[in-house]
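# Geometric and topological summary
One-letter residues, chain by chain:
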Amino acid sequence: MNNNRLSTVKLRETFFLALYKKAFPVVARYVARMGGSIEEAQDIFQDALVIYYEKVASAQAEIIVNEKAYLLGVAKKLWLQHYKAGLKNLPLNDFDIEVVPDEQPATNKILHYLETAGKKCMELLKAYYYDHLPVGDVATLFGYSGTHSATVAKYKCLEKVRETVKQNSLNYADFIE
């Protein structure tokens, strides 16, 4: 081997060793956070290095400003592909599947709190949410001067219900059977 080729090999080796020292700890932390092992991190990083080298050596090489960031980005993508491929091979009995009963709203409780806003509010909210009437039709039906007035009235009705719920310190679970 001639001296020129030997120096090129040494330069390349030094370059990759420096990249490894600079970027591998970041990739290893990422893979560990994502549940991977040190061996998986090494494999991912080495694959990322190969991709980086091919990119730099190609005829249409783009300028890569931050090698560390580039390698981390490639490693993240490789890890996600590796992780997804692993999930495809797991049998379903490896997962704890909990059967959750369907939650049903406690209609009587909901109606009770809606009624606290008053009869007119109940009818207004029914027109909006149950009958799905357009705002203009609701304004005409309830004798408001315009759509803005009807929208404000609906808002005030909802605020009455919210205030009642808040005063009673109720939460979502209180309305489920």
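Residues numbered from 1 in each chain as written. Predicted model: local features only at pLDDT ≥ 70, side-chain atom pairs only at ≥ 80, totals over all residues. Heavy atoms only, no water.

## Some details on the overall build of the protein
Helix and strand counts for the protein come out as 7 helices and 0 strands. A sequence separation of at least 24 residues applies to 57% of the contacts in the protein between residues at least 6 apart. Total accessible area on the protein is roughly 13,200 Å²; 57% of this is exposed by carbon and sulfur atoms. (Helix = DSSP H or I, 4+ residues; strand = E, 2+ residues; numbered from the N terminus. Contact = heavy atoms within 4.5 Å. Areas by Shrake-Rupley, 256 points an atom, 1.4 Å probe, with all protein chains shown as cover.)

## Focus on the packing of aromatic side chains
Following the criterion strictly, the structure yields 8 aromatic pairs and no others. Here the aromatic rings of Y20 and F24 are separated by 5.0 Å at their centres, their planes lie at 15 degrees, and the arrangement is stacked. Placement of the pair is Y20 and F24 together in helix α1 (residues 3-33), with a separation of 4 residues, close to one helical turn. Under the relative-accessibility criterion, F24 is labelled buried at 12%. A residue is classified by how much of its surface remains accessible, and Y20, at 25% relative accessible area, is partly exposed. Taken together, the ring pairs connect F15, F16, Y52, Y53 and Y70 into an aromatic cluster. The side chain of K154 reaches across the aromatic face of Y128, ending 4.8 Å from its centre. (Phe/Tyr/Trp six-rings, centres within 6.5 Å; stacked < 30°, edge-to-face > 60°. Buried < 20%, exposed > 50% of the residue type's maximum accessible area, 1.4 Å probe, protein only. Lys NZ or Arg CZ within 6 Å of the ring centre and 35° of its normal.)

## Comments concerning unusual backbone geometry
As a rule of thumb, non-glycine residues mostly have phi less than zero, and peptide bonds are mostly trans rather than cis. The backbone of H132 sits at a positive phi, close to 55 degrees, despite the residue not being glycine. Within the secondary structure, H132 is located in the loop between α5 (119-130) and α6 (135-142). Residue classification places H132 among the exposed positions, given a relative accessible area of 61%.

## Remarks on the environment of S37
By secondary structure assignment, the location of S37 is in the loop between α1 and α2 (38-57). Residue S37 is classed as partly exposed on the basis of its relative accessible area, which comes to 30%. Separated by 3.4 Å, the side chains of S37 and E39 make a polar contact. (Polar contact = N/O pair within 3.5 Å; in protein donor to acceptor, adjacent residues only side chain to side chain.)

## Description of the pattern of salt bridges
Per the counting criterion, the structure on display carries 3 salt bridges. K22 is the partner of E67 in a salt bridge, and the nearest nitrogen-oxygen pair spans 3.3 Å. Taken together, the positions of E67 in helix α3 (residues 67-88) and K22 in helix α1 put the pair 45 residues apart, joining distant regions of the chain. When its relative accessible area of 39% is taken as the criterion, K22 is described as partly exposed. Across the salt bridge formed by R162 and E159, the nearest N and O atoms sit 2.6 Å from each other. Pair noted here: R162 and E159 are both in helix α7 (residues 147-167), with a separation of 3 residues, about one helical turn. (Salt bridge = Lys/Arg side-chain N within 4 Å of Asp/Glu carboxyl O.)

## Regarding the environment of I64
As for its position among the elements, I64 is in the loop between α2 and α3. For the pair I64 and Y52, spaced 12 residues apart in sequence, the C-alpha separation works out to 9.4 Å. Once you skip the residues sitting within four places of it in the chain, I64 turns out to touch Y52, K55, V56 and Y70.

## Comments concerning the confidence of the model for the protein
For the protein, the average pLDDT comes to 79, and 77% of its residues sit at 70 or higher. At the low end of the mean pLDDT range in the protein sits helix α4 (residues 107-115), at 72; at the high end sits α6, at 91. (pLDDT = per-residue confidence, 0-100.)

## Quick word on the nonpolar core
Core analysis: the biggest nonpolar cluster contains 22 residues, and L19, V27, V31, F45, A48, L49 and L71 have the highest contact counts within it. When contributions to this core are tallied by element, the ones reaching two or more residues are α1, α2 and α3. The biggest single contributor to this core is α1, with 9 residues. Core analysis: the next-biggest nonpolar cluster, separate from the first, contains 14 residues, L124, A127, A150 and A153 among them. (Core = buried A, V, L, I, M, F, W, Y, C linked by side-chain atoms within 4.5 Å.)

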